[in-house]
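# Descriptive analysis of the structure
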Amino acid sequence: MPHHRLAAVPENAITLLKGRAENYRALVADIGLRGRTDGWVTTRRAREIDPTFPVIYITAAQC
């Protein structure tokens, strides 16, 4: 049964997906995140784990 989880930092989202992507339905990523790993890198890594994994891109950052 799919779960929902909140990962406070992008690295945690990748850890959750590694080896268990089938437990989740999609990744919602804030592409405006700042830090060591941003939202773009997070989604890229998720797609490396599973190229068909659904990704929803969002941001609240002002462009």
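In what follows, the structure referred to is the one given above.
Reading the values: rules and limits
Residues numbered from 1 in each chain as written. Predicted model: local features only at pLDDT ≥ 70, side-chain atom pairs only at ≥ 80, totals over all residues. Heavy atoms only, no water. Helix = DSSP H or I, 4+ residues; strand = E, 2+ residues; numbered from the N terminus. Buried < 20%, exposed > 50% of the residue type's maximum accessible area, 1.4 Å probe, protein only. Contact = heavy atoms within 4.5 Å. Areas by Shrake-Rupley, 256 points an atom, 1.4 Å probe, with all protein chains shown as cover. Axes fitted to C-alpha atoms, helices over the stretch in contact; angles between N-to-C directions. Parallel < 35°, antiparallel > 145°, perpendicular 65-115°, else oblique. Nonpolar A, V, L, I, M, F, W, Y, C, P; charged D, E, K, R; others polar.

So, on to the overall build of the chain. Looking only at helices and strands, one finds 2 helices and 2 strands in the chain. When the elements of the chain are put in sequence order from the N terminus, they spell out α-β-α-β. For the C-alpha atoms alone, the extent of the chain along its principal axes is close to 35 × 20 × 20 Å. Classification of the 63 residues of the chain by burial places 25% in the buried group. Of all intrachain contacts in the chain linking residues separated by at least 6 positions in sequence, the fraction that spans at least 24 positions is 56%. On the chain, roughly 4,800 Å² of surface is accessible, and the fraction owed to carbon and sulfur atoms is 54%.

Moving on: the packing of helix α1 (residues 10–17) against helix α2 (residues 39–49). Two numbers describe how α1 lies on α2: the axes approach to 10 Å, and their chain directions differ by 10°. Regarding the angle of α1 to α2, the classification is roughly parallel. Contacts between α1 and α2 involve P10, A13, I14 and L17 from the former and T42, R45, A46 and I49 from the latter. Its residues placed into classes, the contact of α1 with α2 shows 6 nonpolar, 1 polar and 1 charged.

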